[in-house]
Amino acid sequence: RSNQLVKITQERKMIMLNIETTIGTFEKAKALVHIAMKFAEDIDVCSGHYVIDAKSIMGVLSLDVSKPVTLRLHADHTNVTTRFIEELHMAGII
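Since the structure is predicted, the reported quantities are computational estimates derived from the model, not experimental observations.

### A few points about the packing of aromatic side chains
Part 1 of the argument: Under the criterion given, the structure shown has one aromatic pair.
Part 2 of the argument: Residues Phe39 and Phe84 carry aromatic rings whose centres are separated by 5.5 Å and whose planes lie at 90° to one another, so their mutual orientation is edge-to-face. Here Phe39, found in the loop between helix H1 (26-36) and strand E3 (42-47), pairs with Phe84, found in helix H3 (residues 78-90); they are 45 residues apart in sequence, far enough to count as distant.
Part 3 of the argument: A residue is classified by how much of its surface remains accessible, and Phe39, at 3% relative accessible area, is buried.

This is how it looks when you write it as structure tokens:
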């Protein structure tokens, strides 16, 4: 999709992956939480001034899913970021 941006930065052997997207539907919001729970790493959903734990269904559903968000993954290995991107892609979130 043209409205998405993937940005990876690496500092001190830590990788921060930022993906700009729109969740879009309640079903995709549930899928995002399900995906996030598979990872031990911290994953946030950022929307405006709010930063929500992507593993919190109540937190994610408190956001307006029709508005753009940034998904932020903090990892120590590129395999984790690749797997996260693949999972989001398979769920149709990106």
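There is more to say after this.
### So, H1
Part 1 of the argument: Inspection of H1 places Ala29, Leu32, Val33, Ile35 and Ala36 among the buried residues, and these make up the whole buried set. Mapping the buried residues of H1 onto a view down its axis gives an arc of 160°, with all of them on the same face. What points out from H1, more than 90 degrees from its buried face, is the exposed set Glu27 and His34.
Part 2 of the argument: Residues of H1 that are buried make contact with E3, helix H2 (57-61), strand E5 (68-75) and H3.

### A look at the pairing of strand E4 (residues 50-53)
Part 1 of the argument: In the sheet, E3 pairs with E4 via four bridges, with the strands oriented antiparallel. Bridging from a neighbouring strand, Val45 pairs with Ile52 of E4.
Part 2 of the argument: Taking the residues between adjacent antiparallel strands as the criterion, E3 and E4 are bridged by two residues, where Gly48 takes a positive phi near 60°.

### Structural notes on the nonpolar core
Part 1 of the argument: By size, the foremost hydrophobic cluster in this structure holds 25 residues, and its most contacted members are Leu32, Val45, Val60, Leu71, Phe84 and Leu88.
Part 2 of the argument: Every element with two or more residues in this core is listed here: strand E2 (14-22), H1, E3, E5 and H3.
Part 3 of the argument: Among the elements that make up this core, the one with the highest residue count is H1 (five residues).
Part 4 of the argument: For Phe84, the contacting residues outside a window of four places in its chain are Leu17, Ile19, Ile35, Phe39, Ile43 and Leu73.

Reading the values: rules and limits
Residues numbered from 1 in each chain as written. Predicted model: local features only at pLDDT ≥ 70, side-chain atom pairs only at ≥ 80, totals over all residues. Heavy atoms only, no water. Phe/Tyr/Trp six-rings, centres within 6.5 Å; stacked < 30°, edge-to-face > 60°. Helix = DSSP H or I, 4+ residues; strand = E, 2+ residues; numbered from the N terminus. Buried < 20%, exposed > 50% of the residue type's maximum accessible area, 1.4 Å probe, protein only. Arc of directions from axis to C-beta. Contact = heavy atoms within 4.5 Å. Pairing = 2+ DSSP bridges. Core = buried A, V, L, I, M, F, W, Y, C linked by side-chain atoms within 4.5 Å.

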